[in-house]
Amino acid sequence: MKISPIIYILFIVQLLYNNTLLKAQESQDENIESPLEKNIKKGFRLGLYVGSYFPNQYTASIYDGYGFDIDGNKNNWDNSLMNQKINMEYGGYGFAGQPDQIALALNVDPQTGWTFNESDMPVNMRYSPSFLIGLNTIYSVDFKNAILFNINLAKLNVGGGFTITTPQQGSSTQINDRIKTFAIKGFEQRMLLQFGYQRILGDNEKANIFVEGGLHLTITKFDKNEILINNLKIDLTSYYNQVAYSSALLVRKPIGAGLGVFAGIGTNLSFNPKFTLQILYSPTYERINIGLNPRLKLQNAIGLRAYYNI
């Protein structure tokens, strides 16, 4: 039987919590003072986080140039953003007297000199790693146990390619010489909200391993989709939210929130009672709730967190 990763993470969090209760009781009974107590005191600390975010590729395909209709369903080829923009608007097929800006960008004869159809649509969209920055807060119940609340932000870039078939050049008979590849890009914003528990595992005064885990909420916004045909940049989403246009592109930009869990492991460096530095790896099991059939998927981040005891 296959067990979901979320079960593993919740099991680890519960195990750490039970271990904390046991250790706290043992420490109280034995009345042992840890060297770590010199640098970590009970109370509230405010922190900044800077790191790298490695998104799962599952939702990258929503930036493949099709777009979504007013009901949130993916457009078919006829109503796709790229067909409407490349062929109908910039290619001049949908508007009488409209200049063929695609031909000008390709340096070919207008309309009869190039073709773009469904087989040319992107199929290889991928996210790039991005920066992750945020405001992280912590309340230390004692020198080893703490409650976390984090707000982290990421702006993601998605990239891929599409093709346009151009006329045969000179004496060349190769079909590959006629197929030109161009770039398509997507832009996405994510806000990551985390509420959970952190446990320091060692007793060293300066450096110790720590673990953390808890609930994770991801708010995701489809920001932008654009293509570049040589020097011609086309914003595929330029009609979004503009009710004055009666167009197939008249839809809202997808936005959604999804609940998941997070975990973390790293090194806690306590220099003095006022300042703490943490280096951590943080996997998250997130639901990116935009597009079709959103699912919980594993994302990863590594970063540096600095706390100041206020």
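Residues numbered from 1 in each chain as written. Predicted model: local features only at pLDDT ≥ 70, side-chain atom pairs only at ≥ 80, totals over all residues. Heavy atoms only, no water.

**Q** For the overall build of the protein chain, give the residues involved together with the corresponding values.
**A** The number of helices and strands found in the protein chain is three helices and 10 strands. The buried share of the protein chain, reckoned over its 310 residues, is 45%. Put simply, of all contacts in the protein chain between residues at least 6 apart along the chain, 69% involve residues at least 24 apart. As displayed, the protein chain has an accessible area near 16,000 Å², and 58% of this comes from carbon and sulfur atoms. (Helix = DSSP H or I, 4+ residues; strand = E, 2+ residues; numbered from the N terminus. Buried < 20%, exposed > 50% of the residue type's maximum accessible area, 1.4 Å probe, protein only. Contact = heavy atoms within 4.5 Å. Areas by Shrake-Rupley, 256 points an atom, 1.4 Å probe, with all protein chains shown as cover.)

**Q** Tell me about the confidence of the model for the protein chain, residues and numbers included.
**A** Residue-level pLDDT values for the protein chain average 85, and 79% of them are 70 or greater. Of the regions scoring below 50 in pLDDT, residues 241-248 engages in 10 contacts with residues more than four places distant in sequence or in other chains. (pLDDT = per-residue confidence, 0-100.)

**Q** How would you sum up the environment of K274? Please name residues and give values.
**A** Relative to the helices and strands, K274 resides in the loop between β8 (255-272) and β9 (275-287). When near neighbours in sequence (up to four residues on either side) are disregarded, K274 contacts Y307, Y308 and N309.

**Q** Any details on the pattern of salt bridges? Residues and values, ideally.
**A** In the structure shown here, the tally under the stated rule is seven salt bridges. With a closest N to O distance of 3.1 Å, E212 and R305 form a salt bridge. Of this pair, E212 sits in strand β6 (residues 207-229) while R305 sits in strand β10 (residues 296-309), placing them 93 residues apart in sequence. (Salt bridge = Lys/Arg side-chain N within 4 Å of Asp/Glu carboxyl O.)

**Q** Describe in detail the pairing of β6, supporting the description with residues and values.
**A** Note: strand β5 (residues 179-200) against β6, 18 bridges, orientation antiparallel. By the bridge assignment for β6, R199 is matched with V211. Counted along the chain from β5 to the antiparallel partner β6, the turn is six residues long. Relative to β8, β6 runs antiparallel, the two sharing 15 bridges. When the bridges of β8 are listed, I219 appears paired with A257. (Pairing = 2+ DSSP bridges.)

**Q** Which residues make up the side chain of Q278, and what values go with them?
**A** Here Q278 shows up in strand β9. Since its relative accessible area comes to 0%, Q278 is described here as buried. A polar side-chain atom of Q278 sits 2.8 Å from a polar atom in the side chain of N268. In contact with Q278, other than residues within four places in its own chain, are Q198, F210, T267, N268, G303, L304, R305 and Y307. (Polar contact = N/O pair within 3.5 Å; in protein donor to acceptor, adjacent residues only side chain to side chain.)

**Q** Mind laying out the pairing of strand β4 (residues 145-165), listing which residues take part and the relevant values?
**A** Two strands pair when backbone bridges link them, and strand β2 (residues 126-127) and β4 are joined in this way by two bridges, in the antiparallel orientation. Considered in β4, the bridge of R126 is made with G159.

**Q** Talk me through the environment of T267; I want residue IDs and the actual numbers.
**A** By the element assignment, T267 lies in strand β8. Look at T267 and you get partly exposed, because its relative accessible area is 28%. Sequence separation of T267 and N208 is 59 residues, and the distance between their C-alpha atoms is 5.7 Å. If sequence neighbours within four positions are ignored, T267 has contacts with N208, I209, F210, L277, Q278 and I279.

**Q** Describe the nonpolar core, and please don't skip the residues or the numbers.
**A** Counting 43 residues, the largest nonpolar core has I102, F162 and I229 as the members making the most contacts within it. Going through the elements one at a time, β1 (43-54), α2 (81-90), α3 (101-106), β4, β5, β6 and β7 (232-235) are the ones with two or more residues in this core. For this core, the element with the most residues is β4, which contributes five residues. Grouped together as the second largest cluster of nonpolar side chains are five residues, I138, A146, F262 and Y307 included. (Core = buried A, V, L, I, M, F, W, Y, C linked by side-chain atoms within 4.5 Å.)

**Q** If you had to explain the packing of aromatic side chains to someone new, which residues and values would you point to?
**A** Counting across every chain of the model gives five aromatic pairs. An angle of 85° between the planes, with centres 6.0 Å apart, marks the rings of F116 and F162 as edge-to-face. Of this pair, F116 sits in the loop between α3 and β2 while F162 sits in strand β4; the two residues are 46 residues apart in sequence, bridging distant segments of the chain. In this structure an aromatic cluster arises from ring pairing among W77, F116, F162 and F182. For the cation-ring pair, R190 lies above Y127, with the distance from its terminal atom to the ring centre recorded as 5.2 Å. The positively charged end of K297 is found above the aromatic ring belonging to Y58, 4.8 Å away from the centroid. (Phe/Tyr/Trp six-rings, centres within 6.5 Å; stacked < 30°, edge-to-face > 60°. Lys NZ or Arg CZ within 6 Å of the ring centre and 35° of its normal.)

**Q** Describe in detail α2, supporting the description with residues and values.
**A** Here α2 lies mainly inside the structure; nine of its 10 residues are buried. Buried within α2 we find L81, M82, N83, Q84, K85, I86, N87, E89 and Y90. Along its buried surface, α2 packs onto α3, β4, β5, β6 and β7.

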